Amino acid sequence: VREHFLPAGFKAPKLLTRLNANENPYGPPQSAQKAVMDSVKNGNRYAWKEMFDLVDKIAKKEGVPTDHIMMGPGSSDLLEKVAMVLFMNGGNVVSADPCYMSLIKVAESVGATWKAVPCTADWSHDLKAMEAAVDENTRLVYVCNPNNPTGAITTGKDLLDFCSRVSEKVPVFVDEAYIELAVGADTQSMVSLLAEKKNVIVARTFSKIMGMAGLRVGYMAALPAFLEKINKITRGGMGISYTSVFAASASLDDKDFQNVTRKLNHEAKQYLYKNLDKLGYKYIPSYTNFVLFPVTIPGEELLSKMTTKGIGIRAFDIQNRPWCRVSIGTMEEMKVFVNALGQLS
Ligand code: PLP
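Residues numbered from 1 in each chain as written. Predicted model: local features only at pLDDT ≥ 70, side-chain atom pairs only at ≥ 80, totals over all residues.

Visitor: I keep staring at the nonpolar core and nothing clicks. Help me out?
Guide: The nonpolar side chains of a soluble globular protein tend to be buried with one another. Ranked by size, the top nonpolar core spans 82 residues in total, and within it Val141, Tyr142 and Phe173 carry the most contacts. Considering every element that reaches this core, the biggest residue donor is helix 3 (residues 75–87), with six residues. Ranked by size, the runner-up nonpolar core spans 20 residues in total, among them Leu303, Ile318, Ile328 and Phe337. (Core = buried A, V, L, I, M, F, W, Y, C linked by C-beta atoms within 7 Å. Buried ≥ 20, exposed ≤ 12 C-beta atoms within 10 Å, placed from the backbone. Helix = DSSP H or I, 4+ residues; strand = E, 2+ residues; numbered from the N terminus.)

Visitor: Please clarify how the pairing of strand 6 (residues 138–144) should be interpreted in this entry.
Guide: Strand residues, when the strand is regular, have side chains that alternate between the two faces of the sheet. Of all seven residues in strand 6, six are buried; the element is thus mostly enclosed. Where strand 4 (residues 92–97) lies against strand 6, four bridges are found, and the strand directions are parallel. In the strand pairing of strand 6, asparagine 92 is matched with threonine 138. Pairing geometry for strand 6 and strand 7 (residues 172–175), over four bridges, is parallel. Along strand 7, the bridge assignment pairs valine 141 with valine 172. Taken together, strand 6, helix 6 (residues 156–166) and strand 7 constitute a β-α-β crossover, and its handedness is right-handed. (Pairing = 2+ DSSP bridges. Right-handed = clockwise from strand over helix to strand, strands pointing away.)

Visitor: Sorry, what's going on with the site of the ligand here?
Guide: Taken together, 13 residues surround the ligand, and among them Gly74, Ser75, Ser76, Thr205 and Ser207 come closest. Class assignment for the residues of the shell around the ligand results in four nonpolar, eight polar and one charged. (Near = placed C-beta within 6 Å. Nonpolar A, V, L, I, M, F, W, Y, C, P; charged D, E, K, R; others polar.)

Visitor: Just to check I follow, could you spell out the domain arrangement of the protein chain for this structure?
Guide: By convention, interface size is frequently given as the accessible area that disappears when the constituent parts associate. The assigned domain composition of the protein chain is domain 1 (2–22 + 256–342) and domain 2 (31–253). Taken together, the 19 residues of domain 1 in the interface contact 19 residues of domain 2. Contributing elements (two or more residues each) for the side of domain 1 that touches domain 2: helix 9 (255–279), strand 10 (290–294) and strand 12 (314–318). In terms of residue count, helix 9 provides more of the side of domain 1 that touches domain 2 than any other element does, six residues in total. (Domains from an automatic or database assignment. Contact = placed C-beta atoms within 7 Å.)

Visitor: Where do I start with helix 8 (residues 242–253) in this structure?
Guide: For an α-helix, 3.6 residues make a turn, and residues three or four places apart therefore share a direction. Buried residues dominate helix 8, accounting for nine of its 12 residues. Within helix 8, burial applies to Thr243, Ser244, Val245, Phe246, Ala247, Ala248, Ser249, Ala250 and Ser251. Where helix 8 is buried, its residues touch helix 1 (30–39) and helix 2 (48–62).

Visitor: Explain unusual backbone geometry here, please?
Guide: Only a minority of non-glycine residues have a phi that is not negative, and only a minority of peptide bonds are not trans. Going from glycine 27 to proline 28, the amide bond is cis rather than trans, its omega being -15 degrees. Here proline 28 lies in the loop between strand 2 (17–18) and helix 1. That bond from asparagine 145 to proline 146 is cis: its omega, -5 degrees, falls within 30 degrees of zero. Turning to its location among the elements, proline 146 is positioned in the loop between strand 6 and helix 6. Even without being glycine, arginine 216 reaches a positive phi, approximately 60 degrees.

So, in structure tokens, the structure goes:
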């Protein structure tokens, strides 16, 4: 997988239709906004106790003891911390290709090699090939489910067996950023494996279904020994602002907001599917808030044309073809996107 970027010197107009970062167009929920406003007056204090309260709430939700949770300002921070600590003495990381590259890129930049395992024909993880790719230099297996940028899913039961087996040899990191948006699929969090003392690490974020991408809260659940190793070098939780701790707590409780997001995301995605069908584009069925489909013009050209219209999307080369990844915005935003797509020559 290779991502395209705008040509150097490209004069980009303001992006009015932001469909490039898989954000939640409805957030943050009113409850979180109020929590931020009510708590800001105490922002002269460190949020130690308040963070413990949040960890408590998260641990209860996940069904694990509190020492199994490490907080971060977004899950990116945790992905990158894990990559830095695990790969500072080299080794390799096994993952699907394509997959979300944040952890892999940091691992590579501190000296790791990436063992990229192509996805299967239906874009799920090739679990057999990934297991076979694990060798004596493998420090971590990274799984993103549902996957980004494909939006595809790997069946929960198959993944559970895989994680259970492979984590006996090396830690398995499962990035579940989009799991709450997977409608109509066999998804299950791999967090249940922690009760069996399996060496899995599960990352979750408040950026997607909770609508808090700019407020920056995420966490990972893992065995205490694993978290200690990370914490010794780079402390978790320090980067979260006082107000975001409260926003996260309110969002967790706000099931109505999560349900509305899930429903509106599903409806706007169905609208997009219908119109991609009409325009003759074949897409990968998505279990997330974005859709990936092959296009007939080069990625850079697609990016330039859409950006010129004020529409943000992402462009990738995968298997030697250009692809467009569009986030699911509001219905209005999807209409703007579909209209622009129809005008591409
Ligand atoms: N993991 C995946 C698969 C993502 O797509 C993203 C963001 O798009 C992240 C992690 C990071 O999100 P954040 O740092 O906002 O929690």
